[in-house]
Amino acid sequence: MFTLHEVAQFIGCELPNGADPAMRLFGATSLDQAVPGQIAFYDDPRYLQALRATKADVVLVPSAFDEALPGVVLRVANPIMAFETLYERFTPTAPFPTGEIHPAAVVDPSAEVDPTALIEAGAVIEAGVKIGPRTRVEANAFIGRNSQLGEGCHVQANAVLRESTLMGARVIIHSNAVIGGDGFGFYFNDGAHHRLPHRGYVQLDDDVEVGSCTTIDRGRFGRTWIQAGTKIDNLVQIAHNVIIGKHCLIISQTGISGSARLGKYVTLAGQVGVVGHVEVGDQVVVAAKGGVSKDAPAGSQLMGMYGIPAKDARELVAHYRRLPKTAVKIKNLEAELRELKAAVSELLAKA
């Protein structure tokens, strides 16, 4: 529990006139779930009604927000960042043990495990693996031979890192993700499909996060490369030799085919499909259920299964929704035209 004065100090803001610095606060949560004694935040006009209805005693808002509210309003430059600072204060993450290898872990004698790392029960660390400082490998995770994990990484329970996986610092791999499995490659001969060997590797740069049940295939030759700061959701498939640039967002159920190239700050919303060997430029956004079937220039906003510009796609959707009414109009016009033709024919016959 903290006082309002302490909260203001944590996030570096001034208390408004009349606010009680001794007010006691016990938690931080969302606008719709907050109760008296808690803090919430607002930074999106879509949630203005929730802000007006919230029961939170304290709300963090953008500096330019000027609406009067019944509770205490703290104006900050970035409400989300300020809220995260407070949330960590109210619900601190429990520290995990360091410098421990559980007796039930299997660690090859040739593996190099930093003294500050944690290896939990059932984890398997194969030959030639290097694990950096303060990295945590949870229960039953598998780290394949010659893989390297940098400082402060977190491999959650049951995750699999196949051989020669390279990870930078602070990489997070969620449970049941598989990094470095074989790519889906076959050739057809004599009436059967034959596997193409994939002997490359996966490289995950600093601050990459990979969600649960996501798969990132190793390169057939060379690497599949996820660059710094990119965040990948659950249930994503990334094929062999794909390159994803820095700070991209890849949302659930997206599939990226082999050798596709994504630039920086690309957003692929849920259930997006990207065909192989295409180039997707920096800051491209593909809407949910969209497809990328050809190169996309930087800054594009794409929608639909054929990945057409979002403006055109919205117009097509609007026309599609009007089709029933348009069909009725066409039928009425056809009936009028028939009547007009009959009238003209009758006049010509009398002439």
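This text follows the structure it describes.
Residues numbered from 1 in each chain as written. Predicted model: local features only at pLDDT ≥ 70, side-chain atom pairs only at ≥ 80, totals over all residues. Heavy atoms only, no water.

1. A look at the overall build of the protein
Part 1 of the argument: The helix and strand tally for the protein stands at five helices and 39 strands.
Part 2 of the argument: Relative to the globule expectation of 20 Å for 351 residues, the C-alpha radius of gyration of the protein, 29 Å, shows a markedly less compact shape.
Part 3 of the argument: When its C-alpha atoms are laid out on the principal axes, the protein stretches across 110 × 80 × 30 Å.
Part 4 of the argument: Counting all 351 residues of the protein, 40% fall into the buried class. (Helix = DSSP H or I, 4+ residues; strand = E, 2+ residues; numbered from the N terminus. Rg over C-alpha atoms; globule rule 2.2 N^0.38 Å. Buried < 20%, exposed > 50% of the residue type's maximum accessible area, 1.4 Å probe, protein only.)

2. Focus: the nonpolar core
If you look at soluble globular proteins, the nonpolar side chains tend to sit buried side by side.
Part 1 of the argument: Formed by 48 residues in total, the largest nonpolar core has its most connected members in Ile-173, Leu-204 and Ile-256.
Part 2 of the argument: Those residues in contact with Ile-256 that sit more than four places away from it in its chain are Gln-237, Ile-238, Ala-239, Val-242, Ile-244, Ile-250, Leu-262, Leu-268 and Val-274.
Part 3 of the argument: Formed by 19 residues, the second largest nonpolar core is a distinct cluster that contains Leu-4, Leu-60, Phe-83 and Phe-90. (Core = buried A, V, L, I, M, F, W, Y, C linked by side-chain atoms within 4.5 Å. Contact = heavy atoms within 4.5 Å.)

3. With respect to unusual backbone geometry
Part 1 of the argument: You will see that Asn-241, though not glycine, has its phi angle at about 65°, which is positive.
Part 2 of the argument: Along the chain, Asn-241 falls in the loop between strand 28 (237-238) and strand 29 (243-244).
Part 3 of the argument: For Gln-271, which is not glycine, the phi torsion reads 65° and is therefore positive.
Part 4 of the argument: Here Gln-271 falls in the partly exposed class, since its relative accessible area comes to 34%.

4. Quick word on the pattern of salt bridges
Part 1 of the argument: One pass over the structure, following the stated rule, counts eleven salt bridges.
Part 2 of the argument: Between Glu-120 and Arg-136 there is a salt bridge, with its nearest N and O atoms 3.0 Å apart. You can see Glu-120 sitting in the loop between strand 10 (118-119) and strand 11 (124-125) and its partner Arg-136 sitting in strand 13 (residues 136-137), a full 16 residues away along the chain.
Part 3 of the argument: For the salt bridge of Asp-182 with Arg-195, the shortest nitrogen-to-oxygen distance reads 3.7 Å. One end of the pair, Asp-182, is in the loop between strand 20 (178-181) and strand 21 (186-189); the other, Arg-195, is in strand 22 (residues 192-195), and 13 residues separate them in sequence.
Part 4 of the argument: A residue is classified by how much of its surface remains accessible, and Asp-182, at 36% relative accessible area, is partly exposed.
Part 5 of the argument: Put simply, Glu-120, Arg-136 and Glu-138 are held in one network by salt bridges that share partners. (Salt bridge = Lys/Arg side-chain N within 4 Å of Asp/Glu carboxyl O.)

5. What to know about the sheet that holds strand 35 (residues 279-280)
Part 1 of the argument: What the nine strands build is an open sheet, ordered 9-12-15-18-23-26-29-32-35; its pairing is parallel. Since the sheet does not close on itself, it has two edges, and those belong to strand 9 (112-113) and strand 35, each with one partner. (Pairing = 2+ DSSP bridges.)

6. A closer look at a nonpolar patch on the surface
Part 1 of the argument: On the surface, Leu-337, Leu-340, Val-344 and Leu-348 cluster together into a nonpolar patch covering about 390 Å² of accessible area.
Part 2 of the argument: Relative to the helices and strands, Val-344 resides in helix 5 (residues 323-350). (Patch = residues over 30% accessible without salt bridge, like charges linked within 9 Å, V, L, I, M, F, W, Y side chains within 5 Å. Areas by Shrake-Rupley, 256 points an atom, 1.4 Å probe, with all protein chains shown as cover.)

7. Topic: the packing of aromatic side chains
Part 1 of the argument: One pass over the full model with this rule turns up six aromatic pairs.
Part 2 of the argument: Taking the centre distance of 4.7 Å and the plane angle of 40° together, the rings of Phe-41 and Phe-83 count as tilted. With a gap of 42 residues between them, Phe-41 in strand 4 (residues 38-41) and Phe-83 in helix 3 (residues 79-90) connect regions that are remote in the sequence.
Part 3 of the argument: Judged by its relative accessible area of 22%, Phe-41 falls in the partly exposed class.
Part 4 of the argument: A relative accessible area of 6% means that Phe-83 is categorised as buried.
Part 5 of the argument: The ring of Phe-10 carries the charged tip of Arg-89 above its face, separated from the ring centre by 3.9 Å.
Part 6 of the argument: Just above the ring of Trp-225 sits the side chain of Arg-223; from NZ or CZ to the centre is 3.6 Å. (Phe/Tyr/Trp six-rings, centres within 6.5 Å; stacked < 30°, edge-to-face > 60°. Lys NZ or Arg CZ within 6 Å of the ring centre and 35° of its normal.)

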